[in-house]
Amino acid sequence: MQVLINGESHQFDNDMTISALLQQSGLAGKRVAVEVNETIVPKSQHAETRVSEGDKIEIIHAIGGG
Amino acid sequence: MSNKDELVIAGKTYQSRLLVGSGKYKDLEETRLATEASEAEIITVAIRRTNIGQNANEPNLLDVVPPEKYTILPNTAGCFNAKDAVRTCQLARELLDGHNLVKLEVLADQKTLFPHILETLKATETLVAEGFDIMVYTNDDPIIAKQLEDMGCVAVMPLAAPIGSGLGIRNPYNILEIIENATVPIIVDAGVGTASDAAIAMELGCDGVLMNTAIAAAQDPVLMASAMKKGIQAGREAFLAGRMPKKRYASASSPIEGLIT
């Protein structure tokens, strides 16, 4: 399965949820927000939302800014 | 000063009238130290993509500026149209567990970073409808400032000078006009360079000052953060005290009577 995460193409062997994706990306438990195909996926739905082939996923966090 | 002189934004009360950004610091430790020295309670942050698969154990900004301790003010810096700004605010709200306070800035031009007023108005309309509390970055045009207030912004934040320029208040009479017309807090956002600039903004009657580069780009950011805190306090007290009128000629401080002649 191929998905686009933060503008970069990523290949995964198996079907997975947003929670699993965050886990694999080293972001489990971090303060991030997730958008799939320009729709926000609330934290409460990460565990049940499945990633599909071709999804455009954005994972954002807070950084220094003015 | 009396404890009653508080800043109220969107129903929340603050003791500090200095709002600071968290950008441009050497590292997160310097961010933490400067933020603490400023005694600011509202801290702006930017919303950006995470690095996937890299630096997984790197400390996060929100670990050194925790939302439990500070009011986090996510900005829309880098957005050049209403759509991107609205999307950024929605992501910020999700990131911060439903927190509605945002700093809306829609930029028009890379060179000046002046606000794109038409897109700012468009984004304001959408964000107000979606229940956001908007602190809006704008230019020093009193008509637009009032318009943004009328549309429902909880604070209006005119620039003093271009972002990161450190030029100080370029148009004090416009800022004064904006303050006199307003019923929401007016916060000078961007352009101050040093503590006297912050004091001048407060002496004009601003409700607060938001700054980032003036602290982060100082030779000693932590010391400058402390200087800014004092500049803000001095300017506020001078405003409340009411300055003496300016006169063209001298007026002796010592009495004329009883002179030895």
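Residues numbered from 1 in each chain as written. Chains lettered and ligands numbered in written order. Predicted model: local features only at pLDDT ≥ 70, side-chain atom pairs only at ≥ 80, totals over all residues. Heavy atoms only, no water.

A. Up close: the interface of chain B and chain A. On the chain A side, the residues contacting the 31 residues of chain B number 27 residues. Around 2600 Å² of area is buried between chain B and chain A when both sides are counted, 54% of it from carbon and sulfur atoms. Connecting chain B to chain A are six salt bridges. One can count 15 residue pairs in polar contact (both at pLDDT 80 or more) joining chain B with chain A. Those elements that provide at least two residues to the side of chain B that touches chain A are strand E4 (42-49), helix H2 (61-64) and helix H3 (82-95) of chain B. Looking at the side of chain B that touches chain A residue by residue, the class counts come to ten nonpolar, eleven polar and ten charged. Relative to E4 of chain B, strand E5 (residues 56-64) of chain A runs antiparallel, the two sharing five bridges. Bridged to His61 of chain A within E4 of chain B is Arg48 of chain B. (Contact = heavy atoms within 4.5 Å. Buried area = accessible area lost by both parts, 1.4 Å probe. Salt bridge = Lys/Arg side-chain N within 4 Å of Asp/Glu carboxyl O. Polar contact = N/O pair within 3.5 Å; in protein donor to acceptor, adjacent residues only side chain to side chain. Helix = DSSP H or I, 4+ residues; strand = E, 2+ residues; numbered from the N terminus. Nonpolar A, V, L, I, M, F, W, Y, C, P; charged D, E, K, R; others polar. Pairing = 2+ DSSP bridges.)

B. Local environment of empty space enclosed by the protein. Residues and elements named next belong to chain B. Applying the stated criterion to the full structure yields one cavity of 30 Å³ or more. Within this model, the largest cavity holds a volume of roughly 40 Å³. Every residue along the wall of the largest cavity is listed here: Ala145, Lys146, Glu149, Val156, Ile178, Asn181, Ala182 and Ile186. Taken together, the elements giving at least two residues each to the lining of the largest cavity come down to helix H5 (142-151) and helix H6 (172-181). The leading source of residues in the lining of the largest cavity is H5, at three residues. Here the residues of the lining of the largest cavity are counted per class, giving five nonpolar, one polar and two charged. (1 Å grid on protein atoms, 1.4 Å probe; cavity = no way out; pocket = protein on both sides within 12 Å on 5 of 7 lines; lining within 4 Å. Points joined across faces, edges and corners; volume = space filled by probe spheres on them.)

C. Region of the structure containing the nonpolar core. The biggest cluster of nonpolar side chains holds 67 residues, and the ones touching the most others in it are Leu104, Ile134, Val188, Val209, Met211, Ile215 and Met228 of chain B. No other element matches the seven residues that H3 of chain B contributes to this core. Residues Met1, Met16, Leu27 and Val34 of chain A belong to the second largest nonpolar core, which totals 17 residues. (Core = buried A, V, L, I, M, F, W, Y, C linked by side-chain atoms within 4.5 Å. Buried < 20%, exposed > 50% of the residue type's maximum accessible area, 1.4 Å probe, protein only.)

D. Focus on the packing of aromatic side chains. Under the counting rule described, the total for this entry stands at zero aromatic pairs over all chains. Here Arg93 of chain B stacks its cationic end above the ring of Phe132 of chain B, 3.8 Å away from the centre of that ring. (Phe/Tyr/Trp six-rings, centres within 6.5 Å; stacked < 30°, edge-to-face > 60°. Lys NZ or Arg CZ within 6 Å of the ring centre and 35° of its normal.)

E. Here's a closer look at the confidence of the model for chain B. When pLDDT is averaged across chain B, the result is 95; 97% of the residues are at 70 or more. Reported for the predicted complex are a pTM of 0.93 and an ipTM of 0.94. (pLDDT = per-residue confidence, 0-100.)

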